Amino acid sequence: MIKEGVILGKRYEILGRIGSGGMADVYKGRDLKLNRYVAIKVLKSDYRSDEVFIKKFLSEAQAAAGLMHPNVVNVYDVGQDRGLYYMVMELVEGITLKDYIEKKGRISPKETISISIQMVTGLQAAHNQHIIHRDIKPQNIIISKDGKVKVTDFGIARATTSTQTISTSVMGSVHYTSPEQARGGVVDQKSDIYSIGITMYEMVTGHVPFDGDSTVTVALKHLQEEIIAPGEEVSDLPYSLECIIMKCTQKNPALRYHDCASLLTDLKRSLVDPDGDFVVLGMGVSSDTDRTVVMSTEELERVQQHGYDDDDDEDDDDRYQDRRRKKQNVNPDTRRIMKVLMIVAGVVVALLILFLVANAAGFFSGPSGLTQNEGEEETVKVPDLRGMTEEEARKAIEDLELGLDVAGERQPSNQYAEGEIMNQNPAPDDEVAPFSTIEVVISSGEEAKMVQVPNVVGRSESDAENTLRAANLTVVYGEAAFSNEIAEGDVISSNPSAGTEVEEGTEVTIIVSLGEEPATVPNLVNKSASAAESALSDAGLNGSSSEEYSDDVPEGRVIRQSIDAGTEVDPGTTVEYVVSLGPETTYVTVPGLGGYTENQAIRRLEEKGLSVGTIDYAYSDTVGAGYVISQTASPGSSVEEGTTVGFTVSQGPEPQQPQQPETPDEDTNGGDSEEVSEGSEGQTE
């Protein structure tokens, strides 16, 4: 991710990232020269070292740069800076058609036609320049705030002819891809028209016609299954619009609209004659989610093993013809139109045969130096211009469809005489697109002096460049890199290194710092506090914890974090996280139970949210029977809600045991003993 404030090409200031695609990130930027906001697409770092992806990215830019149309997102510039490949485009504020469909559920037929007319008009402009989009889908259609519809993201488009085939590694989003594209067959403007038909189908129904669990499943449905007419689902769908959609989505490309112009004609007519029967379908025809799908070679081979059968087309056509609305009067011009079409078809076949014969005879051979392998774009081999004068060089490339750009300042050379080309870019024998420009440097003829490469490490980009140029050295920028020691925008290294003695004019490659490599925030949720701190430390980040009660997350585990996992941030950033204390505990005050009856004591405990524990009974000389003597938790103490509290209830004073009379000694006085005893008892009383 590029930081805000970085300036690419000494002209485009990065203001912030606004999106990301399969191959590139998109940033909002400001053109410092023209003082306008732009969108800047920068190739992702994963692909900068991949020559195939770089070629595809530059091809996209070259193909789209020539498109200037109100219904196309215009491309302003393309360049390379510090190892970053970027493309500058028109910034469109609005909503994608995909989001608009999801927001409305279904789009009315009239609005569908209006959007489609603008979409097809933009695509027609691309087709007129031999550019096939290859990835038409609602996600690549933008509706601006003022209602303008624009086609964008020629992500896998390239200038092409109908004889070129799609790459086996990349194909358009599978829900919108044409049968021939799914098979890896010939892809031309009719493939885009198929995708337009699927997009219109989604607009009027709210969903794509085919879906499945895998890309292969969906691709096979495009190859083998019949598209259900949208009128069966949308009862008020105009007949003409249904026919237009079904004609666009014919599995056989020859039975679709021949080009965008004929499709536009029917769309405009549908606005004024919604139920008209003017859409011409061929004889025996079959009427046919925020990123580009990359299919593996194995998946693509599985798809390519399947095709469509003309016999099946005829069966499908019978079914669709039965669905066509019955009309009392058959159009009397139909037979005449079919006869004319047959004549036209015969003329086209004859012309095609004449063309093939003429081509075989060499009448259409290109100029010398042009090469084109089957399935590849036309290229030109760059000649070796070194040692030629400017005039000689211009004559040498005159027939090669190449341009010449001479550097304003000549440079000394020991190898080439004054006025001779000493250096060129692209290099000799490189393959380039037609009309590319060769940049050359002309020798001043002076003997090259030896100089030492100055030390520019740690200096700003502009300072380093000025220092090297002052030493009569040529500055070349290598791929920018992250550095924890060198500040962003300063030079990390040079090659040749400082102090090396070289000739004046030697190229010195400098590597500019992108600053510290961003750290990725780890996922802390459900980790223990110690594990969270360890994960943050390993990622070069700091942690700040807090605690709160939670009924869902166990005690000691992380509930949430302040920055989402996977977010790229500056090293040393503090990530706040919250640790669970478990369910929140409520404390209550233990009521006094003394002086209350047993039932009253039970009620007082329950009112406080406490549990009644063991109830004991004991004698008491001081507390009346039935009243509480003591309790297990002290009155006024604070305990957790639900704590068990027991108490003891008085039974009153302990009852006294009755005294037993004493047994008298054996009578020694005979009959007088009873008398004495009674006398004693009387004295006692």
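An account of the accompanying structure is given in this report. (Residues numbered from 1 in each chain as written. Predicted model: local features only at pLDDT ≥ 70, side-chain atom pairs only at ≥ 80, totals over all residues. Heavy atoms only, no water.)

### Looking at the overall build of the protein
Across its full length, the protein carries 16 helices and 32 strands. By the burial criterion, 41% of the 685 residues in the protein qualify as buried. Working note: accessible area of the protein is about 37000 Å², and carbon and sulfur atoms make up 46% of it. (Helix = DSSP H or I, 4+ residues; strand = E, 2+ residues; numbered from the N terminus. Buried < 20%, exposed > 50% of the residue type's maximum accessible area, 1.4 Å probe, protein only. Areas by Shrake-Rupley, 256 points an atom, 1.4 Å probe, with all protein chains shown as cover.)

### Observations regarding the packing of helix H3 (residues 109-128) against helix H5 (residues 189-205)
Remark: H3 packs on H5, axes separated minimally by 11 Å, with the N-to-C direction vectors making an angle of 165 degrees. Considering the angle they form, H3 stands roughly antiparallel to H5. Between H3 and H5 the crossing geometry is right-handed. Touching Thr 112, Ile 115, Ser 116, Met 119, Val 120, Leu 123 and His 127 of H3 are Gln 189, Asp 192, Ile 196, Thr 199, Met 200, Met 203 and Val 204, all from H5. In terms of residue class, the contact of H3 with H5 is made up of eight nonpolar, five polar and one charged. (Axes fitted to C-alpha atoms, helices over the stretch in contact; angles between N-to-C directions. Parallel < 35°, antiparallel > 145°, perpendicular 65-115°, else oblique. Left-handed = near helix turned anticlockwise from the far one by under 90°. Contact = heavy atoms within 4.5 Å. Nonpolar A, V, L, I, M, F, W, Y, C, P; charged D, E, K, R; others polar.)

### Quick look at H5
When the terminal C-alpha atoms of H5 are compared, their 25 Å separation across 17 residues agrees well with the 24 Å that a helix rising 1.5 Å per residue should span. Summarising burial for H5: 16 of the 17 residues are buried, a large majority. The backbone nitrogen of Lys 190 has a side-chain oxygen 3.0 Å away, supplied by the residue at the start of H5, namely Asp 188. In the stretch just after H5, Gly 206 is the one whose phi turns positive, near 90 degrees. (Expected span 1.5 Å × (residues − 1). Polar contact = N/O pair within 3.5 Å; in protein donor to acceptor, adjacent residues only side chain to side chain.)

### A few points about the nonpolar core
By size, the foremost hydrophobic cluster in this structure holds 52 residues, and its most contacted members are Leu 97 and Leu 263. When residues of this core are traced back to their parent elements, those giving at least two are helix H2 (97-104), H3, strand S9 (141-144), strand S10 (149-151), H5, helix H6 (215-224), helix H7 (239-248) and helix H8 (260-272). By size, the runner-up hydrophobic cluster in this structure holds 16 residues, among which are Met 23, Val 26, Val 75 and Met 89. (Core = buried A, V, L, I, M, F, W, Y, C linked by side-chain atoms within 4.5 Å.)

### Points about the side chain of Ser 620
Within the fold, Ser 620 resides in the loop between strand S29 (611-618) and strand S30 (628-631). Looking at Ser 620, the relative accessible area reads 9%, which means it is buried. Here Val 623 takes part through its backbone nitrogen, which lies 2.9 Å from a polar atom of the side chain of Ser 620.

### Topic: the environment of Leu 237
Its place among the elements puts Leu 237 in the loop between H6 and H7. Classification of Leu 237 by relative accessible area gives buried; the value is 1%. Placed 127 residues apart in sequence, Leu 237 and Lys 110 show a C-alpha to C-alpha distance of 9.8 Å.

### Quick look at empty space enclosed by the protein
By volume, the second largest cavity amounts to about 40 Å³. Contributing to the lining of the second largest cavity are Met 1, Ile 2, Lys 3, Val 6, Phe 482, Glu 488 and Leu 514. Class assignment for the residues of the lining of the second largest cavity results in five nonpolar, no polar and two charged. (1 Å grid on protein atoms, 1.4 Å probe; cavity = no way out; pocket = protein on both sides within 12 Å on 5 of 7 lines; lining within 4 Å. Points joined across faces, edges and corners; volume = space filled by probe spheres on them.)

### Considerations on the packing of aromatic side chains
All chains considered together, the criterion is met by one aromatic pair. Both rings, one in Tyr 12 and one in Tyr 86, keep their centres 6.2 Å apart while their planes meet at 65 degrees; by these two values the pair is edge-to-face. Taken together, the residues span a long stretch of sequence, with Tyr 12 in strand S2 (residues 12-20) and Tyr 86 in strand S6 (residues 84-90) at a distance of 74 residues. Assigned by exposure class, Tyr 12 and Tyr 86 land together as buried. Just above the ring of Tyr 76 sits the side chain of Arg 36; from NZ or CZ to the centre is 3.9 Å. Positioned over the ring face of Tyr 257 is Lys 247, at 4.5 Å from the centre of the ring. (Phe/Tyr/Trp six-rings, centres within 6.5 Å; stacked < 30°, edge-to-face > 60°. Lys NZ or Arg CZ within 6 Å of the ring centre and 35° of its normal.)

### Considerations on H6
Of all ten residues making up H6, seven are buried, and the element is well covered by its neighbours. Among the residues of H6, those classed as buried are Thr 215, Val 216, Val 218, Ala 219, Leu 220, His 222 and Leu 223.

### Description of a nonpolar patch on the surface
Side chains of Ile 343, Val 347 and Leu 351 sit close together on the surface and give an oily, nonpolar patch of about 300 Å² of accessible area. Looking at where Leu 351 falls in the secondary structure, it is placed in helix H11 (residues 334-360). Overall, the relative accessible area of 53% leaves Leu 351 in the exposed class. (Patch = residues over 30% accessible without salt bridge, like charges linked within 9 Å, V, L, I, M, F, W, Y side chains within 5 Å. Salt bridge = Lys/Arg side-chain N within 4 Å of Asp/Glu carboxyl O.)

### With respect to the environment of Ile 115
Considering the arrangement of structural elements, one finds Ile 115 in helix H3. Sequence spacing of Ile 115 and Lys 148 is 33 residues, and the spatial spacing of their C-alpha atoms is 8.7 Å. Setting aside residues up to four positions removed in sequence, Ile 115 forms contacts with Leu 97, Tyr 100, Ile 107, Ile 143, Val 149 and Met 203.

### Thoughts on the sheet that holds strand S32 (residues 644-650)
Taken together, the three strands give an open sheet; going across it, the order is S29-S32-S30, and neighbouring strands pair in mixed fashion. Edge strands, defined here as strands with exactly one partner in the open sheet, are S29 and S30. For this sheet, the mean angle separating the axes of adjacent strands, direction not counted, is 25 degrees. Across six bridges, S29 lies against S32 in parallel orientation. Paired with Ala 618 across the two strands is Ser 650, which belongs to S32. (Pairing = 2+ DSSP bridges.)

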